[in-house]
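Descriptive analysis of the structure
Here is how the chains run, residue by residue.
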Amino acid sequence: MRVVQTLWNGNKDILNDDFGWVSSQYHLMSWALSCLSLKENYEKVVLYTDYAGYNILGKLLKLPYSEIIIQYDNLSCPEHHWAYPKLLTYSLQKKPFIHIDGDVYLPKRLGVKMETDGLIAQNREIGTDYYKNMMDGILQEDIIIPDFLKEVLKKDSIPSYNAGIIGGNDIQFIQKYCRTAFDFIEGNRLNDINRKNVNVNYNILFEQILFYALSEKSNKAVTTVLNHSVQDNGYTYHEFCDFYSYDKYSLMHIIGGHKRNARICELLGRTLLNKYPEYYERITDLFPEHNKRPQPKETRQLIFPNLTKPMGITSYQDYLNNLSIKWKDIPDSYLFDLDKQSCNYFEFLNKSKGDRLPVVIKSNPHLSIYEIGDDWTSETKLLIKEKINKNYASSHFDIACIPCLSTDGLKEVLINDLAYNILILLKISKTFECLFEELQQCFYPEIEIDKSLIYNVMVAELEYLFYNKLIICSYPN
């Protein structure tokens, strides 16, 4: 089965515009993981793009596409209509195909039935007020809508198919679908960049809702990758975006607002680093301002330049200055290798209780802990929490520091008493089983008997420490 993808830059700068992601770096990491996951499962993966897309994905990142077709350099289309070049790609296919978006990843190949059926899509969508309000607004505009499509738009629950994955063997119908969409777009001048009220909502209409309406009108069955429907606003983190479960998914799709979730983007990057480190490094090399340490300075910038020595800050500032000097000669290549090691904990989290026992865990070899003194006022602690992690819930904390490639070469992490005890115990590497037994002594006697509670709390805290790269695990042969 031929797999195709579409990247149109929309007159943006791929290295500077974020395309809806936390940053442009994660936009490219998504394209890399999408392409590489597809190549794991399909021999023929073709990209339709413009020269800018070819230059970045093909020449600089060297993603292993079977073919890159420069198709959209002179495309006249409003920036909001990202689904239009996708439709053009569908229309160019003369043989069975699957189109997969650049924010969709396939850890496993689709089933044989999926690849032989007439029409396929990611999943059926159940319309809520989310789509209803979008389409009611469009219906108020002076546009021409085919009767069969208008009937669907009048429903209280507007059905559609998610086009993160779309295609099939019924090329004749797909060509008809594309012609219908083009007639609708051209008849209403939706590609006129000077037209008023051009917005992103039209994409949902002329790509996803139209696909549903025309397949129903033509009595065409659509096979979906997911065997259940999803509400149009119901694409949850746990079902579509949890990279800890990447290898268990049939597909992942970082849709819409999830692209702005910093945690999702961070775990996307770690998945790419863990599985395809050479491509991760090629991407980070394009963004040295985020991934290369600046030249070390004898004195770091003041944490709170507008304040006059708040209690406790001066000694902490000196502590950070000393760490910067101490760590300045650590090679970037060493820190990159350390980052790679720190990304393999996903496997640990997915193991059963018994399989976790022999896993060896150790602290970051450069870990340094700053213990908060009695001279730290509540105001000072609040300022630090806001600087490092605004969402940190613990009222009492210390600060763990490690060298890193990002920011200014030093990562600061707030830790509570349990995390502190774990890190102290892991000064000497030990198995998870040994750590669990030793850690029980840190709990109050009245809850010591509830080993299940201790276990769950401990694993949650380990995830926090793994995520922040304060600890690293290794697996027995």
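As shown above, the structure is provided for reference.
Given the structure is predicted, the values throughout are model-derived calculations rather than measurements.

Following the criterion strictly, the structure yields zero disulfides and no others. Sulfur of Cys178: no disulfide; nearest cysteine sulfur belongs to Cys77 and is 14 Å away. In this structure Cys404 is not part of a disulfide, and its nearest cysteine sulfur, from Cys401, lies 9.9 Å away. Assessed through its relative accessible area of 11%, Cys404 is described here as buried.

This part covers unusual backbone geometry. Despite not being glycine, Lys62 has its phi angle at roughly 55 degrees, a positive value. Turning to its location among the elements, Lys62 is positioned in the loop between α2 (51-60) and β3 (67-70). One non-glycine residue, Asn219, adopts positive backbone phi at about 55 degrees. Within the fold, Asn219 resides in the loop between α8 (201-217) and β8 (223-224).

Right, let's get into the sheet that holds strand β14 (residues 410-415). With antiparallel pairing, three strands are arranged side by side in an open sheet as β12-β13-β14. Looking at the sheet topology across the chains shown, the edges are occupied by β12 (368-370) and β14. On average, each strand axis in the sheet is tilted by 30 degrees relative to the strand beside it, whichever way the strands run. Alignment of strand β13 (residues 398-403) against β14, held across six bridges, turns out to be antiparallel. What sits directly across from Ile399, in β14, is Leu414. On top of the sheet, helix α18 (residues 417-425) reaches β12, β13 and β14; it is set at about 120 degrees to β14, its chief contact.

Here we take up helix α5 (residues 129-139). Here α5 has its buried residues at Tyr131, Lys132, Met134, Met135 and Ile138. Viewed along the axis of α5, the buried residues span an arc of 165 degrees, placing them on a single side of the element. The outward face of α5, more than 90 degrees from its buried face, is lined by the exposed residues Asp129 and Asn133. Buried-residue contacts for α5 involve β6 (120-126), α6 (147-153), β7 (160-168) and α8.

This part takes up the nonpolar core. Counting 109 residues, the largest nonpolar core has Leu57, Phe243, Ile399 and Leu462 as its most contacted members. Once you skip the residues sitting within four places of it in the chain, Leu57 turns out to touch Leu7, Leu28, Trp31, Leu47, Lys62, Leu63 and Tyr65. In terms of nonpolar packing, the next biggest core, distinct from the first, is built from 50 residues, Tyr48, Ile158, Ile166 and Leu190 among them.

The next point concerns the pairing of β7. The element β7 is extensively covered by neighbouring structure, given that nine of its nine residues are classed as buried. Where strand β4 (residues 97-100) meets β7, four bridges bridge the pair, whose relative direction is antiparallel. Along β7, the bridge assignment pairs Ile100 with Ile165. In the sheet, β6 pairs with β7 via five bridges, with the strands oriented antiparallel. Bridge pairing in β7 links Arg124 to Tyr161.

So, on to the packing of aromatic side chains. Here a ring pair, both rings aromatic, is described through the centre-centre distance and the interplanar angle of the planes. Applying the stated criterion across every chain yields a total of 27 aromatic pairs. Taken together, a centroid distance of 5.7 Å and an interplanar angle of 55 degrees make the contact between Phe348 and Phe466 tilted. One end of the pair, Phe348, is in helix α15 (residues 346-350); the other, Phe466, is in helix α21 (residues 451-467), and 118 residues separate them in sequence. As far as burial versus exposure is concerned, Phe348 and Phe466 are alike and both buried. Across from the ring centre of Tyr279, 4.7 Å away, lies the NZ or CZ of Arg282, which sits over that ring.

Cut-offs used in this document
- Residues numbered from 1 in each chain as written.
- Predicted model: local features only at pLDDT ≥ 70, side-chain atom pairs only at ≥ 80, totals over all residues.
- Heavy atoms only, no water.
- Disulfide = S-S within 2.5 Å.
- Buried < 20%, exposed > 50% of the residue type's maximum accessible area, 1.4 Å probe, protein only.
- Helix = DSSP H or I, 4+ residues; strand = E, 2+ residues; numbered from the N terminus.
- Pairing = 2+ DSSP bridges.
- Axes fitted to C-alpha atoms, helices over the stretch in contact; angles between N-to-C directions.
- Contact = heavy atoms within 4.5 Å.
- Arc of directions from axis to C-beta.
- Core = buried A, V, L, I, M, F, W, Y, C linked by side-chain atoms within 4.5 Å.
- Phe/Tyr/Trp six-rings, centres within 6.5 Å; stacked < 30°, edge-to-face > 60°.
- Lys NZ or Arg CZ within 6 Å of the ring centre and 35° of its normal.

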